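# Secondary and tertiary structure notes
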Amino acid sequence: MSIVEVAQQFADEVLFPVAVATDASDVVPLGLLDAMAEAGLYGIVAPPDAGGISADFGTVCAVQEALASGCLTTAFLWAQHIGLVRALAASDDQDLRARWLKPLASGEVRAGLALGGALPTPSLRALPDGSGWLLDGVSPFVSGWGRIDVVHAAARTPDDEIIWLIVDAEENDVVRAERLRLAALNATATVRLTFDRLPVSADRVAGRHPASGVTPPEVLRVHAALALGVAARCCRMIGPTGLDAELAALRAELDSLGPGTAAARAAAGELAVRAAGALMVTAGSRSLLAADQPRRLARETLFTLVYALRPASRSAVLTRLGAPELA
């Protein structure tokens, strides 16, 4: 069985049956995350010597879509974690890899993501401090609080580079977490994370690169996988319709990573909204019940529309929704 088939089976048999209960929880049940680790899903991008399979980019996108079709909340936490595993797998720092890669790939250690320093107007700064750094500022959305052990934090340096730091996911005198209540995916336990000149040693630097205002198509493709997964579940619940062909065509367009990726990423979110709307109409008034799957899926599609929007993708989404004058 391929890892994509494993992920789809996991989504169908483990995630989806309890997705409404997960959605209503204050935080994703630990048992789901442990089961994901047991299924070998945490380390798919790690090399075999670290317990992974060195999955290629297309496979990662397919796994993410499969998991999102089961429970977007759980899939979203997986997506945050996998970024650090990928960064370490590509790192030339053997000491860093030796310390972190295996425990992250196995799920013994779980990671979240803080993107404050990668925003168009960075809100998280890394200031030189001898051989290390001082992490200062805010990352407005960090998910998995209480379920993650470390945060893969992007901070902006004085030289306008983005430096990626591995910091412990715990509050103290210089780290504060403010729980946010979300209309969708609230069980991701998302917080606003504030750092007040937190010292970070040089041996916790997971990467560094120049800042750029252009979002790579690969990043947009990964984001779109979340919407595709939710749309795919809606289509399966509705039954055969023209939406299936739209979904397949859009997936193929996104896989090409061409110049239209930003528009295709927007189209994925819009398709998910239409598919969820069609599912609710098909299900009828019972879809308004809190314990019904269509209601959960409809709220999840709104999340996929707005998650991690950058100016180009925001404009593309508004155009798809018929409101380009607001872009």
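Let me begin by describing the structure that accompanies this report. Note that this is a predicted model, so its numbers are computed, not measured.

Parameters and conventions
- Residues numbered from 1 in each chain as written.
- Predicted model: local features only at pLDDT ≥ 70, side-chain atom pairs only at ≥ 80, totals over all residues.
- Heavy atoms only, no water.
- Phe/Tyr/Trp six-rings, centres within 6.5 Å; stacked < 30°, edge-to-face > 60°.
- Helix = DSSP H or I, 4+ residues; strand = E, 2+ residues; numbered from the N terminus.
- Buried < 20%, exposed > 50% of the residue type's maximum accessible area, 1.4 Å probe, protein only.
- Lys NZ or Arg CZ within 6 Å of the ring centre and 35° of its normal.
- 1 Å grid on protein atoms, 1.4 Å probe; cavity = no way out; pocket = protein on both sides within 12 Å on 5 of 7 lines; lining within 4 Å.
- Points joined across faces, edges and corners; volume = space filled by probe spheres on them.
- Nonpolar A, V, L, I, M, F, W, Y, C, P; charged D, E, K, R; others polar.
- Polar contact = N/O pair within 3.5 Å; in protein donor to acceptor, adjacent residues only side chain to side chain.
- Contact = heavy atoms within 4.5 Å.
- Expected span 1.5 Å × (residues − 1).

## Some points on the packing of aromatic side chains
The relative placement of two aromatic rings is captured by the distance of their centres and the angle of their planes. For the structure on display, the rule yields 3 aromatic pairs. Between phenylalanine 76 and phenylalanine 303, the ring centres sit 5.1 Å apart and the planes meet at 85°, which makes this aromatic pair edge-to-face. Taken together, the residues phenylalanine 76 in helix α5 (residues 72–89) and phenylalanine 303 in helix α10 (residues 293–306) connect sequence positions 227 residues apart. Comparing phenylalanine 76 with phenylalanine 303 shows no difference in burial state: the two are buried. The rings of Phe76, Phe303 and Tyr307 are connected pair by pair, giving a single aromatic cluster. Here arginine 233 stacks its cationic end above the ring of phenylalanine 16, 4.1 Å away from the centre of that ring.

## Here we look at empty space enclosed by the protein
With the rule as written, the count across this model stands at 1 cavity of 30 Å³ or more. Quantified by volume, the largest cavity comes out at close to 60 Å³. Among the secondary structure elements, those contributing two or more residues to the lining of the largest cavity are α5 and β1 (111–114). Among the elements that make up the lining of the largest cavity, the one with the highest residue count is α5 (3 residues). Classifying every residue of the lining of the largest cavity gives 5 nonpolar, 4 polar and 2 charged.

## Structural notes on the side chain of glutamine 293
Mapped onto the fold, glutamine 293 is located in helix α10. Take glutamine 293: its relative accessible area is 14%, and that puts it in the buried class. Among the polar contacts listed, one links the side chain of glutamine 293 to the side chain of arginine 296, at a separation of 2.8 Å. Once you skip the residues sitting within four places of it in the chain, glutamine 293 turns out to touch Phe16, Ala19, Val20 and Met237.

## Observations concerning helix α9 (residues 261–283)
Between its first and last C-alpha, α9 extends 33 Å over 23 residues, near the 33 Å set by a 1.5 Å rise per residue. Backbone geometry just downstream of α9 places glycine 284 in the positive-phi region, at approximately 85°.

## A word on the environment of threonine 215
Take threonine 215: it is sitting in the loop between β8 (205–210) and α7 (217–238). Through-space distance from the C-alpha of threonine 215 to that of leucine 309 is 9.9 Å; in sequence the pair is 94 residues apart. Aside from chain neighbours lying at most four places away, what touches threonine 215 is Leu220 and Arg310.

## Some points on the layout of surface pockets
Counted as a void, the largest pocket has a volume near 1,200 Å³. Residue lining of the largest pocket: 40 residues in total, with Leu115, Trp164, His209, Pro216 and Val219 positioned closest to the centre. Looking at the lining of the largest pocket element by element, the count peaks at 7 residues for α5. A per-class count over the lining of the largest pocket returns 25 nonpolar, 10 polar and 5 charged. In this structure, the second largest pocket spans a volume of roughly 560 Å³. Forming the walls of the second largest pocket are 23 residues, and the residues nearest its centre are Phe141, Phe303, Val306, Tyr307 and Ala308. Elements with a contribution of two residues or more to the lining of the second largest pocket: α5, β1, β3 (132–142) and α10. The biggest single contributor to the lining of the second largest pocket is α10, with 4 residues.

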